[in-house]
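# Residue-level structure breakdown
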Amino acid sequence: MRLGVMGGTFDPIHVGHLVAASEAGFLLGLDEVIFVPTGQPWQKGHRQVTAASHRLTMCLRATADNPRFAVSRVDVDRPGPTYTVDTLRDLAAAHPGAHLAFITGADALRGILTWRDADEVLRRAQLVGVTRPGHVLVDPGVGADRVTLIDVPALAISSTDIRDRVRRGAPIDYLVPAEVAEYITEQGLYQPDAGGGVAAGLGAAIEAPAGVGVAVNHPSGRGDSAG
Ligand code: NAP
């Protein structure tokens, strides 16, 4: 079993992420790509990250129609900050013997050597950085052969831009799946006075809204015991 582990904040998930996962799946011969939205931090720089329940729900909605995509809530359910080593340990325990490819933005991989238990991260997973064409990867210091880079033109779309567009009232049609756009509107996310933050704390944040309170969205019906 070859599994992609698509780690990200996904605030919100957009078409670029979906194309990146699909392309990585194709190029690396993956059986499945599991989207793993981060839990903490609630605050990133000067920005409050949207509650995990909303980010998780948007991932579930965005991936529901693809049998090769799944969503895991291991990072959302684990208390404390999200460390990739924990993500990989949990998913390895849930999928014994699977080859894991950790896929994320090439920029995010830059700091890999400073990540908790970086050696173990490198042992446990193949690292895949997805990036838009022309992006130059700053050497993360782990050797070029340890990181696979994949150019994804659709990654011109960014979550930052989507949040900004919603705030300005600009359309996000075709930049995110329709189900995600509807959810953003229904929940009033990314408005200047949006209540999608984390004031209620993680306990409230991990209660996914009715109908999506499952640990993992897997169209084949196979559960993810780590979820
Ligand atoms: P980030 O800094 O918010 O994102 C950096 C850049 O990468 C942004 O341009 C972002 O675009 C893009 N990006 C992020 N995830 C992506 C994905 N899956 N596919 C394509 N592009 C992606 O990154 P982050 O979300 O905090 O972290 C990414 C992953 O690395 C998470 O799984 C996180 O847990 C892990 N991480 C681990 C450690 C650690 O273990 N110490 C430290 C840092 C990060 P968008 O905003 O459009 O997504």
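In this report, we go over the structure that sits alongside the text. (Residues numbered from 1 in each chain as written. Predicted model: local features only at pLDDT ≥ 70, side-chain atom pairs only at ≥ 80, totals over all residues. Heavy atoms only, no water.)

At a minimum axis distance of 8 Å, the contact between helix α2 (residues 52-63) and helix α8 (residues 178-187) shows a crossing angle of 150°. If you check the angle between α2 and α8, you find them roughly antiparallel. Remark: the crossing between α2 and α8 carries right-handed chirality. The segment α2 lies against α8, with His54, Thr57, Met58, Arg61 and Ala62 engaging Glu179, Val180, Tyr183, Ile184, Glu186 and Gln187. Its residues assigned to classes, the contact of α2 with α8 comprises five nonpolar, three polar and three charged. (Axes fitted to C-alpha atoms, helices over the stretch in contact; angles between N-to-C directions. Helix = DSSP H or I, 4+ residues; strand = E, 2+ residues; numbered from the N terminus. Parallel < 35°, antiparallel > 145°, perpendicular 65-115°, else oblique. Left-handed = near helix turned anticlockwise from the far one by under 90°. Contact = heavy atoms within 4.5 Å. Nonpolar A, V, L, I, M, F, W, Y, C, P; charged D, E, K, R; others polar.)

One pass over the structure, following the stated rule, counts three aromatic pairs. A centroid spacing of 5.7 Å and a plane angle of 50° characterise the contact between Phe10 and Phe35, whose relative ring orientation is tilted. Placement of Phe10 in the loop between β1 (2-8) and α1 (15-28) and of Phe35 in strand β2 (residues 32-37) is noted, with a sequence separation of 25 residues between them. Like Phe10, the residue Phe35 is buried in the burial classification. Judged by centre distance (6.2 Å) and plane angle (90°), the rings of Phe102 and Trp115 are edge-to-face. Of this pair, Phe102 sits in strand β6 (residues 99-105) while Trp115 sits in the loop between α5 (106-109) and α6 (118-124), placing them 13 residues apart in sequence. For Phe102, a relative accessible area of 4% translates into the label buried. (Phe/Tyr/Trp six-rings, centres within 6.5 Å; stacked < 30°, edge-to-face > 60°. Buried < 20%, exposed > 50% of the residue type's maximum accessible area, 1.4 Å probe, protein only.)

A few words on the pattern of salt bridges. Evaluated as defined, the whole model comprises ten salt bridges. Asp90 is the salt-bridge partner of Arg78, the closest N and O atoms lying 2.8 Å from each other. Residue Arg78 is found in the loop between α3 (74-77) and α4 (84-94), and its partner Asp90 is found in helix α4; the two are separated by twelve residues along the sequence. Since its relative accessible area comes to 15%, Arg78 is described here as buried. (Salt bridge = Lys/Arg side-chain N within 4 Å of Asp/Glu carboxyl O.)

The environment of the ligand is formed by 24 residues, the closest being Thr9, His14, His17, Lys44 and Ser159. Gly8 is positioned such that a nitrogen or oxygen atom in its backbone is 3.4 Å from an oxygen atom of the ligand. Ser159 has a polar backbone atom sitting 2.8 Å from an oxygen atom of the ligand. Within the residue set of the shell around the ligand, elements represented by two or more residues are β1, β6 and α5. (Near = heavy atom within 4 Å. Polar contact = N/O pair within 3.5 Å; in protein donor to acceptor, adjacent residues only side chain to side chain.)

None of the figures reported here should be taken as evidence of function without further support.
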